[in-house]
Amino acid sequence: MKIHEYQAKELLKSCGVPVPLGEVADTAEKALAVAERLGYPCVIKAQVHAGGRGKAGGIQLVRNRSEAEKHIARILGLTLVSHQTGPEGKLVRKLLVEQGLDIIKEFYLAIIIDREEEMPVIIASSQGGMEIETVARDHPQAIFKMHVHPVTGLSACHIRNLAFKLDLSKVQQQNFSNLLINLYELFLKSDASLVEINPLIVTANDEVLALDAKINFDDNALGRHPDIAAWRDVHEEEPLEVEASKFELNYIRLDGNIGCMVNGAGLAMATMDIIKFYGGEPANFLDVGGATSVEKVKEAFKILLADKNVRAVFVNIFGGIVRTDLVANGIVYAAKGLEIKIPIVIRLVGTNEEEGMRILRESQLNFVTENVLADAVRRVVELAKGD
Amino acid sequence: MSILINQDSRVIVQGFTGREGTFHSTQMIEYGTRIVGGITPNKGGQIHLDKPVFNTVEEAVKETAADVSVIFVPAPFAADAIIEAALAGIALIVCISEGIPVLDMVKVKHFLCTTSSRLIGPNCPGIISPGKCKVGIMPSRIHSPGKVGIISRSGTLTYVAVDQITRENLGQSTGIGIGGDPIIGTSFVEALQLFKDDEQTEALVMIGEIGGTLEEEAAAYIGKNFNKPVVAFIAGQTAPPGRRMGHAGAIISGGRGTAAEKMAVLKKNGVHVVENPAEIGATVKKILG
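Not measured: the values here are computed from a predicted model. (Residues numbered from 1 in each chain as written. Chains lettered and ligands numbered in written order. Predicted model: local features only at pLDDT ≥ 70, side-chain atom pairs only at ≥ 80, totals over all residues. Heavy atoms only, no water.)

A. Region of interest: the nonpolar core. Grouped together as the largest cluster of nonpolar side chains are 97 residues, with contacts concentrated most on A:Phe314, B:Val70, B:Val135 and B:Met245. Here this core gets 8 residues from one element, more than from any other, and that element is helix H9 (residues 265-277) of chain A. The residues touching B:Met245, leaving out its near neighbours within four places in the chain, are A:Ile252, A:Ala265, A:Met269, A:Met272, A:Phe285, B:Ile210, B:Ala239, B:Pro240 and B:Ala250. Counting residues in hydrophobic clusters, the runner-up holds 72 residues, among them A:Ile111, A:Phe187, B:Ala60 and B:Leu119. (Core = buried A, V, L, I, M, F, W, Y, C linked by side-chain atoms within 4.5 Å. Buried < 20%, exposed > 50% of the residue type's maximum accessible area, 1.4 Å probe, protein only. Helix = DSSP H or I, 4+ residues; strand = E, 2+ residues; numbered from the N terminus. Contact = heavy atoms within 4.5 Å.)

What follows is the structure in structure tokens.
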């Protein structure tokens with residue numbers, strides 16, 4: 001799960017990680033009041049779940065009241081389009097207004113789980129403010145990594161090593177050390193999957209602060225962090241994905257026109273691949289899971305059909321433990337309740353497949369049934385093209 | 001032969017009396033797996049599915065000499081269940097549970113290094129040596145004893161491959177679902193090492209997916225050390241970057257872990273990579289003749 005910068009900074013502050021003074025606002029009046037209270041210069045920052053806000057015009061330094069008024073009006077309500085938002089962009093509903101600071105150095109600092117080493121790794125770079133992927137490509141020597149073994153936890157040597165590599169003065173080292181200890185503890189105790197401070201800044205007074213903050217959390221651990229789970233902002237998510245999550249359906253919207261309903265994540269991915277292989281474009285990833293109930297199938301259909309790009313649907317079910325005749329009944333029941341005008345190609349393989357296919361054929365509904373995977377996919381690709 | 005489990009494996013079930021545990025234990029017993037008991041705290045002394053229930057794994061091991069445990073407990077308690085099994089000296093721990101927090105697995109993984117236990121999973125269908133023993137949730141009916149080893153990060157997609165192998169009359173030696181999480185007990189390379197010395201296994205099917213580097217490590221291992229034919233499919237060729245595709249581990253992050261990258265390095269190391277999952281069985285058949 002992702003959260004907004006202002007939420008990440010609240011969390012940082014509560015864990016003893018210094019952040020600039022600032023406040024979030026959801027109206028122009030409130031935002032201006034915050035700017036007036038903080039004094040100038042200050043920074044107006046669009047709050048959306050995407051990077052690249054600066055280049056997209058979503059972050060603005062303002063030097064006086066009239067500049068503040070102008071840019072608050074411009075950014076609040078803006079549909080921000082950055083390389084991370086997609087072409088449709090994201091509506092700015094909230095602004096974070098922060099004090100301007102006298103910055104003398106900028107760094108990159110992040111904590112993630114390294115899958116290869118199977119432990120957390122702290123990543124730091126002297127190239128603050130730049131995307132880490134870009135730095136890794138152009139200046140790999142500027143990136144420093146420090147793995148933290150779960151037995152030792154974060155030790156003073158980890159911090160010293162990073163501080164010397166970042167060339168910090170003695171006072172700065174102390175401030176950096178305090179920040180990193182608190183940041184690492186936050187990473188562990190909140191089950192974060194990513195904590196990224198970019199840039200981490202050093203001010204003229206040798207203070208070390210998080211000027212920006214991005215924190216993602218392990219979805220599997222949200223159950224033990226209800227306070228963090230409450231920060232979810234569904235406005236930032238694709239509406240159909242939000243709807244799907246209510247029914248524990250794993251749905252991801254894509255750009256194509258063939259809606260897919262599949263059981264199992266691996267098979268769902270493979271189904272997308274094979275559609276592409278035969279010249280089609282999948283409209284979504286959808287894993288309906290193992291114990292497929294009639295209600296779930298119905299909700300899945302509703303979500304697939306709500307995507308107006310969808311011209312044909314492909315249902316690909318491998319019944320292992322699940323009986324395909326039960327799945328077939330679910331499909332028939334679901335389809336009868338919904339007015340489906342587009343073609344649906346169904347492939348049911350596995351336990352009781354003959355019975356399952358018979359139920360579909362005798363339903364009087366407009367289903368195309370195919371047993372062979374390649375044939376089924378060719379058929380749905382054709383139908384989606386309108387041939 | 002087959003690897004890791006056979007007709008002599010003595011299996012206990014953690015989370016024995018729950019809904020999932022009961023359903024799949026019944027299926028395993030029907031398949032012929034020697035389930036010797038199960039664990040549900042505070043239900044010790046009861047009898048479930050005609051087998052004894054114990055409060056702790058330690059007690060179960062003492063009474064039944066179990067050497068394999070399969071875990072069905074809910075994700076928030078699954079890491080603890082793995083630790084308990086390892087402390088009791090279980091040689092092979094198979095964790096089916098999906099949704100274990102990754103930081104729990106960091107601890108579990110490094111703890112297991114200090115024990116002699118092997119973990120398969122979590123978030124996996126388990127392991128099966130057809131005709132001998134099944135420790136997991138895969139549909140028994142589609143399997144048949146034979147000469148093809150299977151290693152996969154997926155569930156249903158593996159069944160699709162198994163089904164094709166069975167229809168080609170080749171059968172399986174052992175099938176292992178290694179799990180779809182970012183941190184798992186047994187990697188592709190570790191599974192390959194076991195299959196390498198198994199006389200029953202003449203060819204191998206490897207089903208990978210986007211995310212992580214397990215497939216790349218496997219490719220390097222196969223290139224140097226594995227002389228049986230390997231057929232591979234990588235799911236997620238069309239997956240968008242930065243999105244978690246169902247499995248917690250199936251995500252392309254920072255431009256790394258793409259299917260294209262994995263397929264290229266597997267091919268370079270002599271693996272028969274199929275782009276179309278419908279062709280897995282036929283490809284193995286063609287190679288084995």
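Right, picking up where we left off after that structure.
B. Layout of the packing of aromatic side chains. All names here are of chain A. Applying the stated criterion to the full structure yields 2 aromatic pairs over all chains. On the basis of an interplanar angle of 25° and a centroid distance of 6.3 Å, the ring pair of tyrosine 184 and phenylalanine 187 is categorised as stacked. Here the residue tyrosine 184 and the residue phenylalanine 187 both occupy positions in helix H6 (residues 170-189), the gap between them amounting to 3 residues, near one helical turn. Both residues of the pair, tyrosine 184 and phenylalanine 187, belong to the buried class. Their ring planes at 85° and their centres at 5.1 Å tell us that phenylalanine 277 and tyrosine 278 sit as a pair that is edge-to-face. Owing to a relative accessible area of 37%, phenylalanine 277 belongs among the partly exposed residues under this scheme. With a relative accessible area of 22%, tyrosine 278 lands in the partly exposed category. (Phe/Tyr/Trp six-rings, centres within 6.5 Å; stacked < 30°, edge-to-face > 60°.)

C. Quick look at the pattern of salt bridges. Residues and elements named next belong to chain A. Tallied over the full model, the rule gives 32 salt bridges over all chains. Between arginine 232 and glutamate 237 there is a salt bridge; the shortest N-O distance is 2.9 Å. Look at arginine 232 and you get partly exposed, because its relative accessible area is 35%. As a salt-bridge pair, glutamate 382 and arginine 379 come within 4.0 Å of each other at their nearest N and O atoms. Here the residue glutamate 382 and the residue arginine 379 both occupy positions in helix H13 (residues 373-385), the gap between them amounting to 3 residues, near one helical turn. (Salt bridge = Lys/Arg side-chain N within 4 Å of Asp/Glu carboxyl O.)

D. How the structure looks around the sheet that holds strand S5 (residues 68-71) of chain B. All names here are of chain B. Strand order in the open sheet made by the 7 strands is S3-S4-S2-S1-S5-S6-S7, with mixed pairing throughout. If you trace the sheet from one side to the other, it starts and ends with strand S3 (47-48) and strand S7 (118-120), each paired once. Relative to strand S2 (residues 35-39), strand S1 (residues 11-14) runs parallel, the two sharing 4 bridges. Across the sheet, isoleucine 12 pairs through a bridge with glycine 37, a residue of S2. (Pairing = 2+ DSSP bridges.)

E. Representation of the environment of B:Gly255. Summarising the element assignment, B:Gly255 is placed in the loop between strand S13 (230-235) and helix H8 (259-268). A sequence separation of 18 residues divides B:Gly255 from B:Val273, and the C-alpha atoms of the two residues are 21 Å apart.

F. Structural detail: the pairing of strand S2 (residues 42-46) of chain A. Residues and elements named next belong to chain A. Of all 5 residues in S2, 5 are buried; the element is thus mostly enclosed. Because side chains alternate across S2, one face comprises the buried residues Cys42, Ile44 and Ala46, and the other comprises Val43 and Lys45, equally buried. Alignment of S2 against strand S3 (residues 59-62), held across 4 bridges, turns out to be antiparallel. Within S3, the residue paired with lysine 45 across the bridge is isoleucine 59.

G. The arrangement of the sheet that holds S2(A) in detail. Residues and elements named next belong to chain A. Reading across the sheet, the 4 strands line up as S1-S6-S2-S3 and stay open at both edges, with antiparallel pairing between neighbours. Strands with a single pairing partner mark the edges of an open sheet, and in this sheet they are strand S1 (22-25) and S3. Here the average twist between neighbouring strands, direction ignored, is 20°. Sitting on the sheet, helix H2 (residues 28-38) is in contact with S1, S2 and strand S6 (95-99), with an inclination near 5° to S6. (Axes fitted to C-alpha atoms, helices over the stretch in contact; angles between N-to-C directions.)

H. Geometry of the state of the cysteines. Residues and elements named next belong to chain B. The full count for this structure, using the stated rule, is 0 disulfides over all chains. Looking at cysteine 113, it has no disulfide partner, and the nearest cysteine sulfur is the one in cysteine 95, 17 Å off. Taking the relative accessible area as the measure of exposure, cysteine 113 reaches 63% and is therefore exposed. Between cysteine 133, a cysteine without a disulfide, and cysteine 124, which holds the nearest cysteine sulfur, the sulfur-to-sulfur distance is 14 Å. (Disulfide = S-S within 2.5 Å.)

I. Summary view of the interface of chain A and chain B. Counting residues at the interface gives 45 residues for chain A and 57 residues for chain B. Where chain A touches chain B, the interface holds 4 salt bridges. Of the charged contacts in the structure, one is a salt bridge between A:Arg224 and B:Asp104, with a shortest N-O distance of 2.8 Å. Joining chain A to chain B, the criterion identifies 13 residue pairs in polar contact (both at pLDDT 80 or more). The set of elements that each furnish at least two residues to the side of chain A that touches chain B consists of strand S8 (119-125), H6, strand S13 (250-253), H9, strand S16 (312-319) and strand S17 (344-350) of chain A. Per-element tally for the side of chain A that touches chain B: the top contributor is H9(A), with 10 residues. Its residues placed into classes, the side of chain A that touches chain B shows 22 nonpolar, 10 polar and 13 charged. (Polar contact = N/O pair within 3.5 Å; in protein donor to acceptor, adjacent residues only side chain to side chain. Nonpolar A, V, L, I, M, F, W, Y, C, P; charged D, E, K, R; others polar.)

J. View of unusual backbone geometry. Of the consecutive residues A:Tyr40 and A:Pro41, the connecting peptide bond is found in the cis state with omega at 0°. Cis geometry is adopted by the peptide bond preceding B:Pro122, which originates at B:Gly121 and carries an omega value of 5°. You can see B:Pro122 is positioned in the loop between S7 and strand S8 (126-129). Non-glycine residue A:Asp191 carries a positive phi angle of around 50°. Considering the arrangement of structural elements, one finds A:Asp191 in the loop between H6 and strand S10 (192-203). Classification of A:Asp191 by relative accessible area gives buried; the value is 4%. Even without glycine at this site, A:Glu248 takes up a positive phi of about 55°.

K. Looking closely at the side chain of A:Glu98. All names here are of chain A. As for its placement among the helices and strands, glutamate 98 is situated in strand S6. In this structure the side chain of glutamate 98 is engaged in a polar contact, spanning 2.7 Å, whose partner is the side chain of lysine 9. If sequence neighbours within four positions are ignored, glutamate 98 has contacts with Glu5, Lys9, Pro20, Leu21, Gly22, Leu38, Cys42, Val43, Lys45 and Leu211.

L. Seen up close, the side chain of A:Asp325. All names here are of chain A. Relative to the helices and strands, aspartate 325 is located in helix H11 (residues 324-337). Here aspartate 325 falls in the buried class, since its relative accessible area comes to 8%. A distance of 3.4 Å separates a polar atom in the side chain of aspartate 325 from a polar atom in the side chain of asparagine 352. Ignoring sequence-local partners within four residues, the contact set of aspartate 325 consists of Thr351, Asn352, Glu355, Gly356 and Ile359.

M. Helix H3 (residues 65-75) of chain A, seen in detail. Residue and element names in this part refer to chain A. If you check which residues of H3 are buried, you get Ala68, His71, Ile72 and Ile75. Axial view of H3: buried residues confined to an arc of 105°, hence all on one face. Along H3, exposed side chains directed more than 90 degrees from the buried face belong to Lys70 and Ala73. Contact partners of the buried residues in H3: H2, S2, S3 and S6. One or two residues past the end of H3 sits glycine 77, with phi positive at roughly 90°. (Arc of directions from axis to C-beta.)

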